[in-house]
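Read off the chains here:
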Amino acid sequence: MSDALIKDIQDMLNEEKWTRAAITNYSKNNFIELSSYVEKAQNENCIDELKEVCDEHLSHTKNSIIGLYLSGMLALKKKTLDNSALVTLVTIFQDNRKTEVVKYLCQTIIAEDENNKFALRTLAECYRDENNEEIWKLYETIVRLDYEEAEIVKLLAEHAEENNDIQTAIDYYKKALLRYVNKGSATQVKELWSKLVSLIPEEIDFFYLVQRKVAKQISEVRSAALMQEVYVYYKDKEEWNICIDILKLMLGIDDKDSWARKEIVDCYRGKYADHSQLEDYIHISNLTQNWRNVFEAINDFEKHISFDAKNFVFHRSWGVGIIRSVKNDEIEINFGRKYGVKKMSLKMAVSALQPLARNHIWVLKATKTKEALAKMVKDDKTWALKTIIKSFDNNCDFKRIKAELVPGILTAGEWTSWSTAARKILDTNATFGINPDDITHYIVRNHAISQEEKLSDEFKAQKQFFARIDILMRFEKEADTTSELFSEMVGYFTGFLKSFTSVTEQTIASYLVIRRISTKYPNLNPNLSYTFEQLYNEIENPNALYSSLKDTKNTNLRPDFLLCIRELLPNWDEEYIRLFPTVLKQDMLTQLVNAGHTDKIETLVRDAFENYRDYREAVIFFFKESQDEDWFSNVGLTFEKEMIALIHIMDVNFREIENHTRTTENKKINRQIQTLLFKNNTLLDYCLVNDEDISKEERLERITRLYTLVNDVADLDGTIKMNMRNRILEQFPDFKFQETEEKTITSKGLIVTSKMLEIKKAELEHITKVEIPENSKEIGEAMAQGDLKENAEYKAAKEKQSQLNATGTRLQDEIDRAQIFDPSSVTVARVGFGNKVELTNTKTNATEVFTILGPWESDPDNGIISYMSPLGNSIMNAKVGETLSFEINEVTYSYKIEKIEVAKLDD
């Protein structure tokens with residue numbers, strides 16, 4: 001069937017060449033007929049063959065209408081980026097003023113590829129010439145696709161304004177302004193800036209954003225001139241704080257700007273019109289004198305102006321106070337009942353006191369009850385956040401917010417739920433932003449900004465590469481991706497792909513991000529000159545690179561990396577085998593099995609268990625997840641060999657931990673192994689199971705082998721060894737343990753009951769959260785009294801501090817070493833932890849009864865002794881009927897073990 005179709009096309013092409021049909025003879029109907037051949041080619045799966053015929057024809061008949069149309073439309077069907085044939089075709093009909101044909105061709109192209117910029121722009125030109133209102137929809141699409149287009153954005157803004165759609169007009173004016181800034185078009189920037197000042201003068205944060213961009217892209221001087229126009233609006237509104245900020249910005253660009261200096265003096269006069277010392281402080285600071293550095297003068301003035309009657313201040317030792325009076329050069333401050341009224345010179349006040357606004361969180365703490373302030377904080381979290389952030393120069397991190405609220409206003413429990421809601425407010429409320437110089441610090445904006453601007457600011461402030469990817473993907477989910485701010489963020493990662501010298505995790509992450517973005521937004525495709533395979537072949541260590549890729553809740557870099565390997569590398573199976581010990585995903589094995597590569601998986605398993613030091617986590621994965629797989633059975637490993645590999649890994653890890661090597665990773669692996677082998681008694685059940693296929697002697701040999709291996713792991717939890725030993729003795733009471741094995745069971749850690757562990761934890765918590773803070777407060781109060789050498793309260797408080805720190809350190813060390821005793825593991829075959837033991841003193845024939853527990857539970861007066869005590873250690877591991885002689889403090893003792901019972905422990 002396809003052969004007949006190709007022959008028909010060849011005949012048509014030849015007929016066109018022979019007849020030389022004139023352009024004027026072509027109409028829309030001719031192309032409707034040709035389109036049917038495109039559909040047939042697609043249905044018969046011969047697009048490539050048919051396109052090859054057309055391209056060959058065009059190589060010697062370059063203006064063939066049929067050849068250009070079919071080649072171009074077939075290229076669209078193939079989703080290729082080359083639309084040169086269609087561009088040539090449309091241009092031919094444009095030149096011959098065949099508008100209806102041009103419109104039809106463009107509409108056909110757009111129906112196949114809605115993002116085809118050439119067709120969209122050409123069709124828009126046709127609509128413009130005929131005053132077709134459909135042009136505005138085309139313009140909207142063009143603006144969405146082309147982030148550099150500014151003139152059409154401006155036309156859309158003007159059109160929306162003419163139709164009284166003011167909000168849409170504002171959005172487009174903003175977009176046009178930012179695009180003209182990126183182009184460096186100063187004249188257009190000035191025009192649109194003025195338009196937006198007339199429409200949205202209150203959006204000061206937007207104007208600051210544009211000002212920063214103008215300063216960077218065009219010039220700082222022009223950016224200052226633009227801000228002058230905004231300043232006029234706020235001066236008329238007498239919003240002095242914003243006016244002063246604008247003028248400081250302008251003076252920062254040109255500190256010799258006499259106009260700005262004069263204006264800032266006027267603004268200070270407006271802001272502090274009611275201040276009793278205003279003119280004196282202007283004079284003292286030389287604010288009006290051009291010979292003095294303007295920012296030194298501003299700094300002096302702002303320090304002095306804060307000191308006036310009824311204003312609040314803070315002193316490092318005396319806390320919050322209120323100024324009662326300012327007379328000449330003397331200030332009188334009331335610091336409350338505790339510290340009373342203090343007097344000091346103005347000069348001393350400037351250096352010793354910190355001025356506080358009336359709504360400063362410290363002032364609120366000093367002037368309101370804890371209950372009233374707690375209610376305000378809980379009822380209005382947004383207000384609380386704004387209050388605290390503004391209290392610290394409008395620049396505050398979350399640690400500071402917590403420090404101001406806990407425990408003074410909220411309890412630790414209340415903070416947990418409050419902070420969760422507060423973080424959500426900070427992330428979503430557009431009146432909050434982040435400090436451009438420090439992503440961890442929040443600011444409060446004068447007016448809400450768009451989500452696009454908020455995320456863009458976060459992106460710029462963020463210094464961590466992978467955190468920036470997360471912000472980009474948040475933008476893609478939450479904001480308008482037609483914004484040029486989105487294009488700028490994407491461009492950051494495109495830059496990595498165009499300028500790298502070696503392939504790192506950042507290079508690969510950038511590739512994965514751009515691949516994901518350009519798939520959804522083809523207009524952002526940078527059309528890279530290299531492939532993923534070429535990039536991958538330059539990676540020095542794919543396993544290390546995979547580990548370096550950091551995923552967040554909004555990114556999937558690792559899965560995307562594996563997907564690219566699967567889809568874009570011809571040797572993907574070999575790379576999956578190489579990466580598996582790092583990735584450890586079942587899906588990788590499933591794909592390898594489905595593709596018939598079980599032999600490679602089996603080889604990997606053998607290598608892993610034979611070289612367990614290099615494949616520690618892979619061995620755990622295979623042991624835990626692959627026991628029931630057919631390919632795993634084919635490897636030929638015995639269950640005992642698998643467990644022995646795990647025990648060896650655990651031993652190696654403990655040794656490395658002791659040498660401070662890969663400590664965190666090794667602890668994690670050892671926890672996994674202990675769970676697999678001991679939590680569900682997997683190893684014990686294997687040792688003790690009554691297997692009819694082996695003799696009792698063989699079972700005992702198996703027990704000896706595995707127990708010896710476990711016991712040789714020096715740092716393994718003693719309770720695990722004790723439980724294993726006790727279970728073996730229950731089933732084989734005459735089993736002989738080596739003496740060294742018996743003594744090492746309790747040599748490491750500190751065996752404790754769960755009840756005493758909770759008691760000790762509570763004791764430590766009380767010391768750290770109650771006693772130490774109270775002691776710190778006592779030290780502070782004692783220091784405030786001065787003369788530390790003769791200060792008895794200070795010395796007593798410092799001694800108590802040393803005592804508390806020592807006790808806390810000792811408790812923390814013991815808790816860290818604690819190993820919780822499992823009551824179900826107690827046996828009566830030999831004396832051990834958790835036993836009640838009846839002894840006969842062979843020298844006095846007296847009967848003595850002791851319960852063996854730990855040092856925390858020890859209570860000799862009530863017959864409870866520690867297994868670590870001289871007596872407890874001496875009778876450990878003894879059997880009923882055994883007589884023991886030993887020496888304690890140069891005194892010889894002799895006891896016979898009469899009875900061993902399970903001790904009754906309190907819950």
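Residues numbered from 1 in each chain as written. Predicted model: local features only at pLDDT ≥ 70, side-chain atom pairs only at ≥ 80, totals over all residues. Heavy atoms only, no water.

K.L.:
Honestly, the packing of helix H8 (residues 135-145) against helix H9 (residues 151-162) in this entry has me stumped. Any pointers?
P.N.:
In a pair of packed helices, the angle between the axes and the distance between the axes together describe the arrangement. Here H8 crosses H9 at 135°, and the two axes come no closer than 9 Å. Judged on the interaxial angle alone, H9 and H8 are oblique. For the pair H8 and H9, the sense of crossing is left-handed. Contacts between H8 and H9 involve Trp 136, Tyr 139, Glu 140, Ile 142 and Val 143 on the former and, on the latter, Ile 152, Val 153, Leu 155, Leu 156 and His 159. Looking at the contact of H8 with H9, its residues break down into 8 nonpolar, 1 polar and 1 charged. (Axes fitted to C-alpha atoms, helices over the stretch in contact; angles between N-to-C directions. Helix = DSSP H or I, 4+ residues; strand = E, 2+ residues; numbered from the N terminus. Parallel < 35°, antiparallel > 145°, perpendicular 65-115°, else oblique. Left-handed = near helix turned anticlockwise from the far one by under 90°. Contact = heavy atoms within 4.5 Å. Nonpolar A, V, L, I, M, F, W, Y, C, P; charged D, E, K, R; others polar.)

K.L.:
I would appreciate a short explanation of the environment of Asn 45 in the present structure.
P.N.:
Mapped onto the elements of the fold, Asn 45 is located in the loop between helix H2 (28-43) and helix H3 (47-58). Along the primary structure Asn 45 and Ser 2 are separated by 43 residues, whereas in three dimensions their C-alpha atoms are 7.9 Å apart.

K.L.:
Even after reading the chapter, I still don't get the sheet that holds strand E2 (residues 319-327), so can you show me in this structure?
P.N.:
Adjacent strands of a sheet pair through backbone hydrogen bonds, lying either parallel or antiparallel. Across the sheet, which stays open at both edges, the 5 strands sit in the order E4-E3-E2-E1-E5 with antiparallel pairing between neighbours. Here the strands that pair on one side only, and so sit at the sheet edges, are strand E4 (341-345) and strand E5 (354-356). Along the sheet, successive strands turn relative to each other by an average axial angle of 40°, direction set aside. Both strand E1 (residues 312-315) and E2 contribute to a ladder of 4 bridges, which runs antiparallel. Paired with Val 313 across the two strands is Gly 321, which belongs to E2. (Pairing = 2+ DSSP bridges.)

K.L.:
When you look at the nonpolar core in this model, what are you seeing that I'm missing?
P.N.:
A general feature of soluble globular proteins is that nonpolar side chains tend to end up buried together. The biggest cluster of nonpolar side chains holds 121 residues, and the ones touching the most others in it are Phe 31, Phe 93, Ile 246 and Phe 307. Among the elements that take part in this core, helix H10 (residues 166-183) stands out by supplying 9 residues, more than any other. In contact with Phe 307, other than residues within four places in its own chain, are His 275, Tyr 281, Val 313, Ile 323, Val 326, Ile 331, Leu 346, Ala 349, Val 350, Leu 353 and Pro 355. Formed by 97 residues, the second largest nonpolar core is a distinct cluster that contains Leu 455, Leu 579, Leu 584 and Trp 631. (Core = buried A, V, L, I, M, F, W, Y, C linked by side-chain atoms within 4.5 Å. Buried < 20%, exposed > 50% of the residue type's maximum accessible area, 1.4 Å probe, protein only.)

K.L.:
Please clarify how the side chain of Lys 721 should be interpreted in this entry.
P.N.:
Position of Lys 721 among the secondary structure elements: in helix H41 (residues 718-731). The buried charged residue Lys 721 lacks any salt bridge partner; its closest oppositely charged side chain belongs to Asp 712, at an N-O distance of 7.4 Å. A polar atom in the side chain of Lys 721 sits 3.2 Å from the backbone oxygen of Asn 711. There is a polar contact of 2.9 Å between the side chain of Lys 721 and the backbone oxygen of Val 713. (Lys, Arg positive; Asp, Glu negative; His and termini not counted. Salt bridge = Lys/Arg side-chain N within 4 Å of Asp/Glu carboxyl O. Polar contact = N/O pair within 3.5 Å; in protein donor to acceptor, adjacent residues only side chain to side chain.)

K.L.:
I would appreciate a short explanation of the side chain of His 57 in the present structure.
P.N.:
With respect to the helices and strands, His 57 occurs in helix H3. Taking the relative accessible area as the measure of exposure, His 57 reaches 4% and is therefore buried. Residues within four places of His 57 in sequence aside, it is in contact with Leu 13, Glu 16, Lys 17 and Ser 64.

K.L.:
Help me understand the environment of Lys 896 in this model?
P.N.:
Tracing the backbone through its elements, the reader meets Lys 896 in strand E15 (residues 891-902). Non-local contacts of Lys 896, meaning those with residues more than four positions away in its chain, are made with Glu 838, Leu 839, Thr 840, Thr 842, Gly 881, Glu 882 and Thr 883.

K.L.:
Help me understand the pairing of strand E12 (residues 847-853) in this model?
P.N.:
Side-chain positions along a regular strand alternate between the two faces of the sheet. Pairing analysis gives 5 bridges linking strand E11 (residues 835-841) to E12, with the strands arranged antiparallel. Bridge pairing links Lys 836 to Thr 851 in E12. Hairpin connection of E11 to E12: 5 residues between the antiparallel strands, including Asn 845 at a positive phi of 60°. Direction of pairing for E12 relative to strand E13 (residues 864-866): parallel, over a ladder of 3 bridges.

K.L.:
Help me out: how do you make sense of the environment of Cys 396 in this one?
P.N.:
Tracing the backbone shows Cys 396 in strand E6 (residues 396-397). Overall, the relative accessible area of 1% leaves Cys 396 in the buried class. Linking Cys 396 and Val 444, residues 48 residues apart in sequence, is a C-alpha distance of 9.7 Å. With residues up to four places along the chain from it excluded, the contact list for Cys 396 reads Ile 388, Ile 389, Ile 401, Thr 440, His 441 and Tyr 442.

K.L.:
Hey, could you run me through H41 in this one?
P.N.:
Spacing of three or four residues puts side chains on the same side of an α-helix, whose turn is 3.6 residues. The end-to-end C-alpha separation of H41 is 20 Å, in line with the 20 Å expected for 14 residues at 1.5 Å each. When you tally the buried positions in H41, you get 11 out of 14 residues, the bulk of the element. When H41 is considered as a whole, its buried residues turn out to be Gly 718, Thr 719, Ile 720, Lys 721, Met 722, Asn 723, Met 724, Arg 725, Asn 726, Ile 728 and Leu 729. (Expected span 1.5 Å × (residues − 1).)

K.L.:
Explain the packing of aromatic side chains to me, please; I cannot follow it from the model alone.
P.N.:
The geometry of two aromatic rings is summed up by the distance between their centres and the angle between their planes. Within the structure shown, the criterion is met by 46 aromatic pairs. A ring pair is formed by Phe 639 and Tyr 686, whose centres lie 5.7 Å apart and whose planes are at 65°; its orientation type is edge-to-face. Residue Phe 639 is found in helix H37 (residues 639-658), and its partner Tyr 686 is found in helix H39 (residues 682-688); the two are separated by 47 residues along the sequence. On the accessibility criterion, Phe 639 (29% relative accessible area) is partly exposed. Between Phe 886 and Tyr 895, the ring centres sit 6.1 Å apart and the planes meet at 20°, which makes this aromatic pair stacked. This pair shows no difference in class: Phe 886 is buried, exactly as Tyr 895 is. Over the face of the ring belonging to Tyr 546 we find Arg 558, whose NZ or CZ atom lies 4.9 Å from the ring centre. Sitting over the ring of Tyr 686, Arg 702 keeps its end group 4.1 Å from the ring centre. (Phe/Tyr/Trp six-rings, centres within 6.5 Å; stacked < 30°, edge-to-face > 60°. Lys NZ or Arg CZ within 6 Å of the ring centre and 35° of its normal.)

K.L.:
Hey, could you run me through the packing of helix H4 (residues 65-77) against helix H5 (residues 84-95) in this one?
P.N.:
Two numbers describe how H4 lies on H5: the axes approach to 8 Å, and their chain directions differ by 135°. The angle between H4 and H5 places the two elements in the oblique class. Seen from above, H4 lies across H5 with left-handed handedness. Here Ile 65, Leu 68, Tyr 69, Ser 71, Gly 72, Met 73 and Leu 76 of H4 lie close against H5, whose contacting residues are Ala 85, Leu 86, Thr 88, Leu 89, Ile 92 and Phe 93. Split into classes, the residues belonging to the contact of H4 with H5 amount to 10 nonpolar, 3 polar and no charged.

K.L.:
Could you clarify how one ought to interpret the sheet that holds strand E8 (residues 438-444) in this entry?
P.N.:
In space, the 3 strands of this open sheet follow the order E6-E8-E7, with antiparallel pairing throughout. Each edge of the open sheet carries a strand with a single partner, namely E6 and strand E7 (432-435). Relative to E8, E7 is paired through 4 bridges, and the arrangement is antiparallel. Looking at E8, one finds that Gly 433 is bridged to Ile 443. Docked against the sheet, helix H25 (residues 451-461) engages E7 and E8, running at close to 15° with respect to E7.

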